[in-house]
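Summary of the model geometry
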Amino acid sequence: MATKKTTTATKTAAAKKTSAKKPVAKKQPAKTTKATTAKKPAATKTNAKKKLSQIDAALAVLKKSRKPLSCKEMVEAMAKAKLWTSPGGKTPDATLYAAILRDMRKGKDARFKKPAPGRFTNA
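Residues numbered from 1 in each chain as written. Predicted model: local features only at pLDDT ≥ 70, side-chain atom pairs only at ≥ 80, totals over all residues. Heavy atoms only, no water.

What follows deals with the pattern of salt bridges. Under the definition given, this model contains 4 salt bridges. Two residues, Asp-56 and Arg-111, come together in a salt bridge whose shortest N-O distance is 2.9 Å. You can see Asp-56 sitting in helix H2 (residues 54-65) and its partner Arg-111 sitting in the loop between helix H4 (92-104) and strand E1 (112-116), a full 55 residues away along the chain. Taking relative accessible area as the criterion, Asp-56 reaches 31% and is therefore assigned partly exposed. Judged by its relative accessible area of 27%, Arg-111 falls in the partly exposed class. For Asp-103, the salt bridge goes to Lys-106, with nearest N and O atoms at 3.3 Å. (Salt bridge = Lys/Arg side-chain N within 4 Å of Asp/Glu carboxyl O. Helix = DSSP H or I, 4+ residues; strand = E, 2+ residues; numbered from the N terminus. Buried < 20%, exposed > 50% of the residue type's maximum accessible area, 1.4 Å probe, protein only.)

Next up, the structure:
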């Protein structure tokens with residue numbers, strides 16, 4: 001009998017077809033020896049400080065200072081008072097400036113006023 005010559009490309013294609021059809025073994029859940037009990041609720045911290053957002057921390061700094069501040073001064077005061085720290089951004093003062101301008105668009109409900117160029121006070 002004559003034998004057929006097969007190329008390596010045909011062998012690899014046939015191998016791929018057979019390997020794709022293999023069933024995937026399902027993982028069985030781990031067996032536990034202890035009886036499961038209800039989880040206890042997490043302990044709540046009543047004295048823990050709530051982390052302020054950048055704009056809320058700026059408002060707190062302005063209330064303490066009682067004078068118009070620039071955004072750069074506000075960011076420095078927030079860091080010094082440990083109210084808010086930058087998460088690693090390059091221009092936190094520019095971010096604060098934009099957030100204050102967005103807040104000022106609220107009209108009567110705005111929390112900030114702009115008495116001088118680049119300076120803000122609380123409303």
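Let us now look at helix H3 (residues 71-80). Every buried residue belonging to H3 is among Cys-71, Met-74, Val-75 and Met-78, and all of these are buried. Projection of H3 onto a plane perpendicular to its axis shows the buried side chains occupying an angular sector of 100 degrees, all on one side. Residues of H3 that are exposed and point more than 90 degrees away from the buried face comprise Lys-72 and Lys-80. For H3, the elements touching its buried residues are H2, H4 and strand E2 (119-122). Immediately beyond the C-terminal end of H3, within one or two residues, lies Lys-82, with a positive phi of roughly 60 degrees. (Arc of directions from axis to C-beta. Contact = heavy atoms within 4.5 Å.)

The next point concerns unusual backbone geometry. Even without glycine at this site, Arg-66 takes up a positive phi of about 60 degrees. The class of Arg-66 is exposed, set by a relative accessible area of 75%.

With 13 residues, H4 extends 18 Å from end C-alpha to end C-alpha; this agrees with the ideal 18 Å at 1.5 Å per step. Listed as buried for H4 are Pro-92, Leu-96, Ala-99, Ile-100 and Asp-103. Across the axial projection of H4, the buried residues extend over an arc of 100 degrees, all falling on one side. On its buried face, H4 sits against H2, H3, E1 and E2. (Expected span 1.5 Å × (residues − 1).)

Direction of pairing for E1 relative to E2: antiparallel, over a ladder of 3 bridges. By the bridge assignment for E2, Ala-116 is matched with Arg-119. Between E1 and E2, which follow one another and run antiparallel, lie 2 residues, and Gly-118 among them has a positive phi close to 80 degrees. (Pairing = 2+ DSSP bridges.)

Our next topic: the side chain of Thr-121. Among the secondary structure elements, Thr-121 is positioned in strand E2. Among all residues touching Thr-121, those that are not within four sequence positions of it are Leu-62, Lys-67, Pro-68, Arg-111, Phe-112, Lys-113 and Pro-115.

Looking at the element boundaries, Ala-98 is found in helix H4. Residue classification places Ala-98 among the partly exposed positions, given a relative accessible area of 33%.

By secondary structure assignment, the location of Gln-54 is in helix H2. When residues no more than four places from it in sequence are discounted, the contact partners of Gln-54 are Val-75, Met-78, Trp-84, Pro-92, Thr-95 and Leu-96.

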